Amino acid sequence: MTARKPADLIREEAELVAAGIAVQQQGLELLLAEMRALAALMPGEDSRLPTDAEIEAGFDNMPV
């Protein structure tokens, strides 16, 4: 068995952390899709996503 370098151990741990973050991101994307689908089924809810201009217009009312 060869001696392992500390950099190798850190690299392996970083790969595990990156894989964990990727799995969490997939779960959150699925949750967001489910929430949007449920919102479309709720009566009175506007399921249309706002445009960039509409979002920006909400911030334009700040005093100078």
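Residues numbered from 1 in each chain as written. Predicted model: local features only at pLDDT ≥ 70, side-chain atom pairs only at ≥ 80, totals over all residues. Heavy atoms only, no water.

1. Quick look at a nonpolar patch on the surface
- A cluster of nonpolar side chains, Leu28, Leu31 and Met35, forms an exposed patch at the surface whose accessible area comes to about 310 Å².
- Summarising the element assignment, leucine 31 is placed in helix 1 (residues 6-41).
- The exposure class of leucine 31 is partly exposed, given its relative accessible area of 43%. (Patch = residues over 30% accessible without salt bridge, like charges linked within 9 Å, V, L, I, M, F, W, Y side chains within 5 Å. Areas by Shrake-Rupley, 256 points an atom, 1.4 Å probe, with all protein chains shown as cover. Salt bridge = Lys/Arg side-chain N within 4 Å of Asp/Glu carboxyl O. Helix = DSSP H or I, 4+ residues; strand = E, 2+ residues; numbered from the N terminus. Buried < 20%, exposed > 50% of the residue type's maximum accessible area, 1.4 Å probe, protein only.)

2. Comments concerning the pattern of salt bridges
- Scanning all chains against the criterion turns up two salt bridges.
- Among the salt bridges present, the one from arginine 4 reaches glutamate 12, with a minimum N-O distance of 2.3 Å.
- Of the residues examined, arginine 4 reaches a relative accessible area of 46% and is grouped as partly exposed.
- According to the relative accessible area criterion, glutamate 12 is partly exposed, its value standing at 38%.
- With a closest N to O distance of 3.1 Å, aspartate 8 and arginine 11 form a salt bridge. Note that aspartate 8 and arginine 11 are positioned in helix 1 at a spacing of three residues, about one turn of the helix.
- The exposure class of arginine 11 is partly exposed, given its relative accessible area of 47%.

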